[in-house]
There are 2 protein chains.
Amino acid sequence: MKLLLATRNASKLVELRRIMEGAGLDGVEVLGLADVPEFPEAPETGATFAENALAKARDAANATGLTAVADDSGLTTDALNGMPGVLSARWCGHHGDDVANLNLLLGQLADVPDERRGAAFVCAAALVVPGSGDAAAPDADGTVPGQTVVHGTWRGTLLRAPRGTNGFGYDPIFVPDGETRSSAELAAEEKDALSHRGTALRALVPHVLALTGR
Amino acid sequence: MKLLLATRNASKLVELRRIMEGAGLDGVEVLGLADVPEFPEAPETGATFAENALAKARDAANATGLTAVADDSGLTTDALNGMPGVLSARWCGHHGDDVANLNLLLGQLADVPDERRGAAFVCAAALVVPGSGDAAAPDADGTVPGQTVVHGTWRGTLLRAPRGTNGFGYDPIFVPDGETRSSAELAAEEKDALSHRGTALRALVPHVLALTGR
């Protein structure tokens, strides 16, 4: 079976591929968008991570005829009522500028005291079988036939200046609960073991294996 | 009686003075911070408009010995879970740049469809009598002896580009419910009659008058 990782974010693709390949998916050939014909990218207009992840996976499955995995992830900040949230990758007003996003958030939180600097990375990961429908919405348990959404959450607190060079996005200002290092100071395999994306994708693995008949 | 309007924002001072003087406060001399000796400005670290308004009015009353009015106001946006909120004046990461704040918000909302562009201007206005205490917190009804907090809310929707040159802050992208013009296209007296700040300050007037013995 071919499984398409439907992300245009190069850093995310590395993580998704690493996590899925590390999960022991024998008999599953993992592809990226570079391996399939191009198709148009819809803007992310959903109000939730799950809506966006499902929309991206559905678009990819419909365009390619392949089973597709997509994620939508972001940083939810207590002092900003859960924002940047679904706007994490475009918090500075446009896509593609991790440094501007991070510096903007640090500036917004400059006067926020330590006790209100809690945050969580959240990931919704969707698995969509081609032909499983466009209009379907997740049930209370997050699944519809041929479409699965799972979540991963990673709690921590936010620093006042970046630390570390691993990872991407807000990693340099996020210290996971129980850690003293930022998530940009963790090795890749340490991050995957703890992270919102690792948790969510590992929760998808049994659903992928079910599709292979195992 | 002297009443100190404790704001360092020149545009706000104009509005506060216009609304308070328009409310017929005979026997009340309305002063601005330019009329009293300088005192240090504390950063706004409150999680709510009410906390910040109270803190500013308390600081001003303690520093000057005058009865003080302060407000904390902002734009609460549905698609941003109520943010920019208390960070409205420093949304771009620093104070003093209305244009950067507005453009950032427009960029963040670029992919947000019309049906999720609801917003509200909210104002908390605090009246503090000097010597009424530092640690006091508002009761459920928003008052403690010598300290009063009232709120005003102005619902509307957000445009995709600024319109109008009156007002300040987010006025050019806010269309009040029942209006077709932005709040930057309203005349000053029209804005005061409808606005969050007008509503809140008029609700303070009876409390001010009570202090004058009327």
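First things first, this report covers the structure right here in the doc. (Residues numbered from 1 in each chain as written. Chains lettered and ligands numbered in written order. Predicted model: local features only at pLDDT ≥ 70, side-chain atom pairs only at ≥ 80, totals over all residues. Heavy atoms only, no water.)

## Notes on the pattern of salt bridges
All names here are of chain A.
Here is step 1: The final tally for this structure, using the stated rule, is 36 salt bridges over all chains.
Here is step 2: A salt bridge links Glu 41 to Arg 8; the nearest nitrogen and oxygen atoms lie 3.4 Å apart. Here the residue Glu 41 occupies a position in the loop between strand E2 (29-32) and helix H2 (49-64), and Arg 8 occupies one in the loop between strand E1 (2-5) and helix H1 (10-22), the gap between them amounting to 33 residues.
Here is step 3: With its nearest N and O atoms 2.9 Å apart, the salt bridge here joins Glu 44 to Lys 56. (Salt bridge = Lys/Arg side-chain N within 4 Å of Asp/Glu carboxyl O. Helix = DSSP H or I, 4+ residues; strand = E, 2+ residues; numbered from the N terminus.)

## A few points about the side chain of Arg90(A)
Here is step 1: Locating Arg90(A) in the fold gives a position in the loop between strand E3 (67-77) and helix H3 (98-108).
Here is step 2: At 2.9 Å, the side chain of Arg90(A) forms a polar contact with the backbone oxygen of Glu44(A).
Here is step 3: Not counting chain neighbours up to four residues away, the residues in contact with Arg90(A) comprise Glu44(A), His95(A), Asn101(A), Gln108(B) and Asp111(B). (Polar contact = N/O pair within 3.5 Å; in protein donor to acceptor, adjacent residues only side chain to side chain. Contact = heavy atoms within 4.5 Å.)

## A short note on the interface of chain B and chain A
Here is step 1: Taken together, the 22 residues of chain B in the interface contact 22 residues of chain A.
Here is step 2: Interface of chain B and chain A: buried area, both sides summed, is about 1,700 Å²; carbon and sulfur atoms make up 56% of it.
Here is step 3: On the chain B side of the interface with chain A, the three residues burying the most area are Asn81(B), Gln108(B) and Asp111(B), jointly 29% of the side's total.
Here is step 4: Linking chain B to chain A there are 2 salt bridges.
Here is step 5: The shortest N-O distance in the salt bridge between Asp111(A) and Arg90(B) comes to 2.7 Å.
Here is step 6: Our count for the chain B to chain A interface comes out at 7 residue pairs in polar contact (both at pLDDT 80 or more). (Buried area = accessible area lost by both parts, 1.4 Å probe.)

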